[in-house]
Amino acid sequence: QRAHAAGRRWERASADEREAIDWQLSLVGELDQAIASGALWVAYQPKLDIASGRITSAEALVRWQHPRRGNIPPDQFVPSVEAHGRAQAMTAHVLHTALADAASWRKIGRPIGVAVNVSATLLSDDRLVAEIGAALARWRIPADMLTLEVTESAAIASADAAIERLGELRQMGVRISIDDYGTGQSTMTYLKRFPATELKIDKSFIQNLATSRADLILVRSTIDLAHALGMCVVAEGVEDADCLAKLVELGCDTAQGWHIGRPMPGENLALMQAWQRAA
Ligand code: C2E
Ligand code: MG
Ligand code: MG
Ligand code: MG
């Protein structure tokens, strides 16, 4: 089925598009090698806990430093990795790297939680829950220091197996975040069925918060709604001080964005957090 769809896509494609498809295909073929060599690495973007003013967690964002093609952003390889059934390998690598880093920060007295992005396709994999449990045990990380970010999509909201799996992870103590909230089409079903601890408002609603009346109204009511349902709220795409000030005013729990910090290597994150604690 997949190969068939790819074939049709290929037939309709222009020369440029064919080159892009070829490129992504050959990239996926290099995935295992990239994992083994360290070319596939993890950057961390700090999440600011607004109440305490501290960096208490960070989002793990995968990066591919390609020997010939340079730094490739995730938008250019994650979708094809997923389409070719390799999401499990990539995610396992990111998860273990993030938990290993969290363990090393904990050891030096700087506890920082980690958030890992999980492809929707993996939620229907029977092994997911056991694998996450084993990874937490291996790195001796308390389950509530791990958040799984799942992008809002209609497919998950209607999949009983995925909802069940997320419920099992919740039981273990793992935190679940609805990523890119507001961009999907299944909002009401989601909030009703999804056992989430956190709602992460998409950056398209946050970036102009200080100047857009519509965004302000949407974000304010989303924060109130999430709180009424017992969820925490994270704003992504916080690019300036005015935006952060508005979020404080609205009672948002956590802020993430360039104004707080860009995605960075793990060593830098630990330094940033130490410096902030001293201040
Ligand atoms: P996401 O999970 O929604 O991650 C947030 C994206 O917004 C990141 O892009 C981050 O660098 C960017 N960002 C953060 N702050 C700001 C800001 O203030 N302004 C703007 N304009 N952008 C900001 P990035 O790293 O390019 O990642 C893109 C997407 O790739 C992620 O979106 C996520 O869906 C996916 N991704 C990244 N790592 C992984 C992974 O390990 N597994 C999976 N399945 N997907 C991943
Ligand atoms: Mg995310
Ligand atoms: Mg997001
Ligand atoms: Mg996003």
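The structure displayed is predicted, hence computed values, not measured ones. (Residues numbered from 1 in each chain as written. Chains lettered and ligands numbered in written order. Predicted model: local features only at pLDDT ≥ 70, side-chain atom pairs only at ≥ 80, totals over all residues. Heavy atoms only, no water.)

**Some points on the confidence of the model for the protein chain**
Note the threshold: Scored between 0 and 100, pLDDT is the confidence that the predictor attaches to each residue.
When the pLDDT values of the protein chain are averaged, the result is 91; 94% of them are 70 or greater. Interface confidence for the predicted complex, expressed as ipTM, amounts to 0.96; the pTM equals 0.93.

**Things to note about the layout of surface pockets**
Short version of the rule: Any residue with an atom within 4 Å of a point lines the site, the site being either a cavity, points on a 1 Å grid over the protein atoms alone where a 1.4 Å probe fits but cannot get out, or a pocket, an open set with protein on both sides within 12 Å along at least 5 of 7 lines. Grid points are joined across faces, edges and corners, and a volume is the space filled by probe spheres set on the points. Secondary structure elements follow DSSP: runs of H or I no shorter than four residues count as helices, runs of E no shorter than two count as strands, and numbering proceeds from the N terminus.
By volume, the largest pocket is sized at about 1,000 Å³. Taken together, 36 residues make up the lining of the largest pocket; nearest its centre are E59, L61, P74, D75 and N117. When residues of the lining of the largest pocket are traced back to their parent elements, those giving at least two are β2 (54–66), α4 (78–83), α5 (87–107), β4 (113–117), β5 (146–151) and β6 (175–181). Of the residues forming the lining of the largest pocket, the biggest block, 5 residues, is contributed by β2.

**A short note on the environment of G109**
Position of G109 among the secondary structure elements: in the loop between α5 and β4. Separated by 81 residues in the primary sequence, G109 and Y190 place their C-alpha atoms 37 Å from one another.

**Notes on unusual backbone geometry**
Rules: Buried residues are those whose accessible area, probed at 1.4 Å on protein chains only, stays under 20% of the maximum for their type, while exposed residues exceed 50% and partly exposed ones sit between those limits.
The phi dihedral of R140 falls on the positive side, at around 50°, and the residue is not glycine. Along the chain, R140 turns up in the loop between α6 (128–139) and β5. By relative accessible area, which is 68% here, R140 ends up exposed. One non-glycine residue, D180, adopts positive backbone phi at about 55°. Mapped onto the fold, D180 is located in strand β6.

**Some points on the nonpolar core**
Inclusion rule: Residues belong to a common nonpolar core when they are buried Ala, Val, Leu, Ile, Met, Phe, Trp, Tyr or Cys residues joined through side-chain atoms within 4.5 Å.
Among the nonpolar cores identified, the biggest contains 82 residues, and F77, L146, F194 and L247 are the most heavily contacted of them. A per-element tally of this core places α5 first, with 10 residues.

**Here's the deal with the site of ligand 1**
What counts, and what does not: Definition of nearness: a residue and a molecule or strand are near each other if at least one heavy atom of the residue lies within 4 Å of the molecule or strand. Any pair of nitrogen or oxygen atoms within 3.5 Å is treated as a polar contact; in protein, a donor-acceptor pairing is required on top of that, and neighbouring residues in sequence qualify only through side-chain atoms on both sides. Only the protein chains shown count as covering a residue, and every accessible area follows the Shrake-Rupley method with a 1.4 Å probe. Any molecule with more than half of its atoms within 2 Å of a cavity's or pocket's grid points is regarded as sitting in that cavity or pocket. Here the term charged refers only to Asp, Glu, Lys and Arg, the term nonpolar to Ala, Val, Leu, Ile, Met, Phe, Trp, Tyr, Cys and Pro, and the term polar to all other amino acids, Gly among them.
R63, D179, K203, E239 and W258 are the nearest of the 24 residues found near ligand 1. Take E236: an N or O atom from its side chain is 3.2 Å from an oxygen atom of ligand 1. Between ligand 1 and W258 there is a distance of 2.9 Å, counted from an oxygen atom to a backbone nitrogen or oxygen. When ligand 1 sits alone it has 810 Å² of accessible area, and the protein chains cover 87% of it. Of all the cavities here, the one that holds ligand 1 is the largest pocket. Of all the elements in the fold, those that place two or more residues in the shell around ligand 1 are β2, α4, α5 and β6. In terms of residue count, the dominant contributor to the shell around ligand 1 is β2 (4 residues). For the shell around ligand 1, the residue count by class is 9 nonpolar, 6 polar and 9 charged.

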